[in-house]
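# Structural overview for review
Residue-level listing of the chains:
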Amino acid sequence: MYRAIYAVLLRRMPAEAAHRAGFWLIRAAAAVPGVALALRRVLAPRDPALPVRALGLDFPGPLGLAAGFDKDGEGVIGLAALGFGFVEVGTVTARPQPGNPKPRMFRFPAERALVNRMGFNNHGAAALAARLRALRGHRGYRGYRPIVGVNIGKTKVVPEEGAIDDYVTSARLVADVADYVVVNVSSPNTPGLRDLQSVDKLRPLLAAVRSALDQASPRRRVPLLVKIAPDLADADVDAVADLALDLGLDGIIATNTTISRDGLRDSAAVADAGPGGLSGAPLKARALSVLRRLHARAGDRLVLIAAGGIGTADDAHDRLAAGATLLQAYTAFIYEGPCWPGRVQRGLAARIRAAQPV
Ligand SMILES: Cc1cc2nc3c(=O)[nH]c(=O)nc-3n(C[C@H](O)[C@H](O)[C@H](O)COP(=O)(O)O)c2cc1C
């Protein structure tokens, strides 16, 4: 059904408009009383091989929705009902901002890939916090609370000297509504952001966010993770792992999109799309290799969340085998549609079971 709608309608629309239409449908369906519950019954992970305990939380399944799809936390109920074990909202910034001019999202269907330069278009951390708080009090929400991580980034107009204060502002605003917080220093679409991945800049930033979360949420320690780029040199991946261990961080998300265009064949379409981050299948090999490197360095002392080119149950299983505790995807969901998360989790359960000794 989704494939037919995609082929006839969504594929002909500009990528961002198709995203908005698809997301609107998910939210509209979930707003009809009883529908989210019914979807959840059919699609949400229930296989006993799937639940994961990590970050002090009980995940119904390891596959979550990666940041960027629901930047403002507008559809977490519907998205979780489709079978995602958790939803990471954001990236939000301390101040609301419009993002880059359109068009800013481009499809490469032959390679199951996207290029985007959205530039953190979002309503701001305060608006997100208010929305998630309202959701917690919502009647239909009782007894069913999807795990929601909040991904924070830097406001574009804030210069690098103000970056720490900017992240700290967001961290304080979202501390009490986030099941975990992610410091995003790896988007290629905010000038200078990825420079914050160097350890000398990252250390004070992460330390300040950690203490802001502790102050803002004294009774519940909010887990803190950092999300890194696949374009880091191996030595820098090791350095971030060492830093995360040193600072007592809870985990690392590997990876964000890449600035490389390897794996895209249509060079004219690549040139037309222009700058931005590449996601989807072409990212798979590098994201897996960064994950392996992190696991070799940190073992099980960090929760590793694998993202980048996960498209099938085999991909998901490979990441778990390489040391990931949790998984995230975005691009495959766009191409495969609303039944995809449930399908992958079911396939994954079968693989986990097959790999278990009898
Ligand atoms: C259109 C689009 C927007 C994204 N926005 C964000 C974002 O705001 N923050 C972030 O940390 N990652 C963002 N990402 C990166 C994804 O969260 C994910 O790390 C990346 O796409 C790799 O996973 P995938 O290959 O399954 O898409 C975005 C990705 C896409 C395709």
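Report follows, based on the coordinates.

Rules used in this analysis
- Residues numbered from 1 in each chain as written.
- Predicted model: local features only at pLDDT ≥ 70, side-chain atom pairs only at ≥ 80, totals over all residues.
- Heavy atoms only, no water.
- Near = heavy atom within 4 Å.
- Polar contact = N/O pair within 3.5 Å; in protein donor to acceptor, adjacent residues only side chain to side chain.
- Areas by Shrake-Rupley, 256 points an atom, 1.4 Å probe, with all protein chains shown as cover.
- Axes fitted to C-alpha atoms, helices over the stretch in contact; angles between N-to-C directions.
- Helix = DSSP H or I, 4+ residues; strand = E, 2+ residues; numbered from the N terminus.
- Parallel < 35°, antiparallel > 145°, perpendicular 65-115°, else oblique.
- Left-handed = near helix turned anticlockwise from the far one by under 90°.
- Contact = heavy atoms within 4.5 Å.
- Nonpolar A, V, L, I, M, F, W, Y, C, P; charged D, E, K, R; others polar.
- Salt bridge = Lys/Arg side-chain N within 4 Å of Asp/Glu carboxyl O.
- Buried < 20%, exposed > 50% of the residue type's maximum accessible area, 1.4 Å probe, protein only.
- Pairing = 2+ DSSP bridges.
- Phe/Tyr/Trp six-rings, centres within 6.5 Å; stacked < 30°, edge-to-face > 60°.
- Lys NZ or Arg CZ within 6 Å of the ring centre and 35° of its normal.

On to the site of the ligand. Around the ligand, 23 residues are found, and the nearest of them are A67, T91, G280, G309 and T331. In the environment of the ligand, an oxygen atom lies 2.8 Å from a nitrogen or oxygen atom belonging to the side chain of K227. Here an oxygen atom of the ligand and a backbone polar atom of T255 are 3.0 Å apart. Here the ligand loses 98% of its free accessible area of 600 Å² to cover by the protein chains.

Glancing now at the packing of helix α5 (residues 125-137) against helix α6 (residues 163-174). In contact at an axis separation of 9 Å, α5 and α6 are set at 15° when each is read in the N-to-C sense. By the angle between their axes, α5 is roughly parallel relative to α6. Crossing of α5 over α6 shows right-handed handedness. Residue-level contacts link A125, A126, L128, A129 and R133 of α5 to S170, L173 and V174 of α6. When the residues that make up the contact of α5 with α6 are grouped by side-chain class, the tally is six nonpolar, one polar and one charged.

Here we take up the side chain of T155. On the secondary structure map, T155 appears in the loop between β7 (147-152) and α6. At 3.4 Å, the side chain of T155 forms a polar contact with the backbone nitrogen of A94. Sequence-distant contacts of T155, that is, excluding residues within four places in its chain, are made with T93, A94, R95, Q97 and D166.

For the structure shown, the criterion picks out 23 salt bridges. The partner of E336 in a salt bridge is R112, with the nearest N and O atoms 3.2 Å apart. Remark: R112 occurs in the loop between β5 (105-108) and β6 (113-116) and E336 occurs in helix α12 (residues 331-336); sequence separation between them is 224 residues. For E336, a relative accessible area of 16% puts it in the buried group. Classification of R112 as partly exposed rests on a relative accessible area of 35%. For D234, the salt bridge identified is with R286, shortest N-O distance 3.4 Å. In this pair, D234 is assigned in helix α8 (residues 234-247) and R286 in helix α10 (residues 284-298), connecting sequence segments 52 residues apart. You can call D234 partly exposed: its relative accessible area is 33%. Residue R286 is classed as partly exposed on the basis of its relative accessible area, which comes to 28%. Several salt bridges converge on common partners, so that one network encompasses D234, D238, D242, R286, R293 and R297.

All right, on to the sheet that holds strand β3 (residues 63-65) then. Taken together, the eight strands give a closed barrel; going around it, the order is β3-β4-β7-β8-β9-β10-β12-β13, and neighbouring strands pair in parallel fashion. Each neighbouring strand pair of the sheet contributes to a mean axis angle of 25°, computed without reference to strand direction. Judged from the four bridges that link them, strand β9 (residues 224-228) and strand β10 (residues 251-254) form a sheet pairing that is parallel. Opposite V226, over in β10, you have I252 as the bridge partner.

Moving on, we get to the packing of α10 against helix α11 (residues 313-321). Between α10 and α11, the shortest axis-to-axis distance is 10 Å and the interhelical angle comes to 20°. Between α10 and α11, the interaxial angle falls into the category roughly parallel. The way α10 lies across α11 gives a crossing that is right-handed. Contacts between α10 and α11 pair K284, A287, L288 and L291 from the former with D315, D318 and R319 from the latter. Residues that form the contact of α10 with α11 fall into these classes: three nonpolar, no polar and four charged.

Before going further, it helps to examine the packing of aromatic side chains. A ring pair, where both rings are aromatic, is described by two values, the distance of the centres and the angle of the planes. A complete count under the given rule lists six aromatic pairs for this structure. With centroids separated by 5.2 Å and ring planes inclined at 70°, the aromatic side chains of F23 and F69 adopt a geometry described as edge-to-face. Of this pair, F23 sits in helix α2 (residues 15-31) while F69 is found in the loop between β3 and α4 (76-81), placing the two residues 46 residues apart along the sequence. Of the two residues, F23 and F69, neither departs from the other in class, the shared state being buried. Look at F84 and F333: their rings are 5.0 Å apart centre to centre, the planes differ by 85°, and that puts the pair in the edge-to-face class. Here the residue F84 occupies a position in the loop between α4 and β4 (86-92), and F333 occupies one in helix α12, the gap between them amounting to 249 residues. Each member of the pair, F84 together with F333, is buried. Among the aromatic residues, those joined into a cluster by ring pairs are F23, F69, F84, Y330 and F333. Against the face of F23 rests R27, its NZ or CZ located 4.4 Å from the ring centre.

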